[in-house]
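The primary structure of each chain is shown beneath.
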Amino acid sequence: MEFNEVIHGHRSIREYEDREVSQEILDQILEAGIRASSSGNMQSYSIIVTRDKELKKKLYTPHMEQSMVVDAPVLLTFCADFNRMRKWLELNDAPVHFDNFMSFMIGAIDATLAAQNVALAAENAGLGICYMGSTLANCDQIGELLNLPPNVVPVVGYSLGYPAEAPALRDRLPMSGLVHYDQYQDYSEEDIQTIYKERNEKGWQRYMSIPRLKEMIEELGLKNLAQVYTIAKYTKESHLEFSQTVLNYLEKQNFMKNDADSN
């Protein structure tokens, strides 16, 4: 495929053919991930490839019971990982740290860059993917199932396989609403109305065209897409709960020694 076709043809795939992804194809797309940019070339991430059906069934619940978790032939989980780096430092008589929040952020960014490289390579090879925010939201449960040691945290994950559906392309906010030149230019009310005009219309139409979502919207008495996002999909309560889950897991996984005197 042409590069622009890959970029502009992206869509989330939740239904997959009953067809395995060969090791050869998997190696090719994973190699693309390994070529991603990385802070200091430390490559402070690891990639977990899950094919085992029984393990996928166990991951189904922490991944919020999304069908593609068990239906896709492969799950990929990209983890911030300073476990490997710390072992290398110790073996070479170097100071062993990278156990603070900044280190986690470096690893998380590295993992995300690798994940997107793999995603693009996968789509170029005719595969489909669907990112799952549950990877970070329930990082503690997923980390336990994946047997992650200290200094490793799951950050990004997605299903992978051959598409059995061709959903319509989703709208995107206009470039004029996302790109700032030289300095950030804050938005007026008129700007916001313009930027979100198409999203308000198409997003609402999409939700109302799916019977179970339409029923939910009507039961909750929601009047617009902004209310759908904040009352039905991404509530303050859920974000606070997931935030605490992540913070607790970062503490457990040795990423919260943020004081100079921490050992």
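About the thresholds
- Residues numbered from 1 in each chain as written.
- Predicted model: local features only at pLDDT ≥ 70, side-chain atom pairs only at ≥ 80, totals over all residues.
- Heavy atoms only, no water.
- 1 Å grid on protein atoms, 1.4 Å probe; cavity = no way out; pocket = protein on both sides within 12 Å on 5 of 7 lines; lining within 4 Å.
- Points joined across faces, edges and corners; volume = space filled by probe spheres on them.
- Helix = DSSP H or I, 4+ residues; strand = E, 2+ residues; numbered from the N terminus.
- Nonpolar A, V, L, I, M, F, W, Y, C, P; charged D, E, K, R; others polar.
- Buried < 20%, exposed > 50% of the residue type's maximum accessible area, 1.4 Å probe, protein only.
- UniProt positions renumbered as here; feature names shortened; annotations may be inferred.
- Phe/Tyr/Trp six-rings, centres within 6.5 Å; stacked < 30°, edge-to-face > 60°.
- Lys NZ or Arg CZ within 6 Å of the ring centre and 35° of its normal.

Peer 1: Where do I start with empty space enclosed by the protein in this structure?
Peer 2: Empty space among the atoms can be located by rolling a probe the size of a water molecule over them. Enumeration over the complete set of coordinates arrives at one cavity of 30 Å³ or more. Roughly 40 Å³ of internal volume is contained in the largest cavity. Contributing to the lining of the largest cavity are Arg-170, Asp-171, Arg-199, Gly-203, Arg-206, Tyr-207, Leu-225 and Tyr-229. Of all the secondary-structure elements, those providing two or more residues to the lining of the largest cavity are α10 (197-209) and α12 (225-233). For the lining of the largest cavity, the element with the most residues is α10, which contributes four residues. Taken together, the residues of the lining of the largest cavity sort by class into three nonpolar, one polar and four charged.

Peer 1: What is the right way to look at unusual backbone geometry in this model?
Peer 2: For residues other than glycine, phi is negative in most cases, and the peptide bonds are mostly trans. Here the phi dihedral of Glu-65 falls at roughly 55 degrees; this positive angle occurs in a residue that is not glycine. One non-glycine residue, Asn-151, adopts positive backbone phi at about 70 degrees. Inspection of the secondary structure assignment puts Asn-151 in the loop between α8 (139-145) and β4 (152-161). We classify Asn-151 as buried; its relative accessible area is 4%.

Peer 1: Hey, could you run me through the UniProt feature "domain: Nitroreductase" (unreviewed entry) in the protein chain in this one?
Peer 2: UniProt marks residues 8-162 with the feature "domain: Nitroreductase" (unreviewed entry), using the numbering shown here. As annotated, residues 8-162 comprises 45% helix and 18% strand, and the C-alpha atoms at either end are separated by 18 Å.

Peer 1: In this structure, what is going on with the packing of aromatic side chains? I would like to understand it.
Peer 2: Pairs of aromatic rings are described using the distance from one ring centre to the other and the angle between the two planes. Scanning the model with the defined rule gives seven aromatic pairs in all. Ring geometry for Phe-78 and Tyr-158: centres 5.4 Å apart, planes at 40 degrees, overall tilted. Here Tyr-158 lies in strand β4 and Phe-78 lies in strand β2 (residues 74-81), a separation of 80 residues in the sequence. Overall, Phe-78 belongs to the buried group, its relative accessible area being 0%. Feature note: the residues Phe-78, Tyr-131 and Tyr-158 constitute an aromatic cluster, connected by ring pairs. The ring of Tyr-162 has Arg-19 sitting right over it, with the charged end atom 3.6 Å from the ring centre. Cation over ring: Arg-206 sits above Tyr-207, and NZ or CZ is 5.5 Å from the ring centre.

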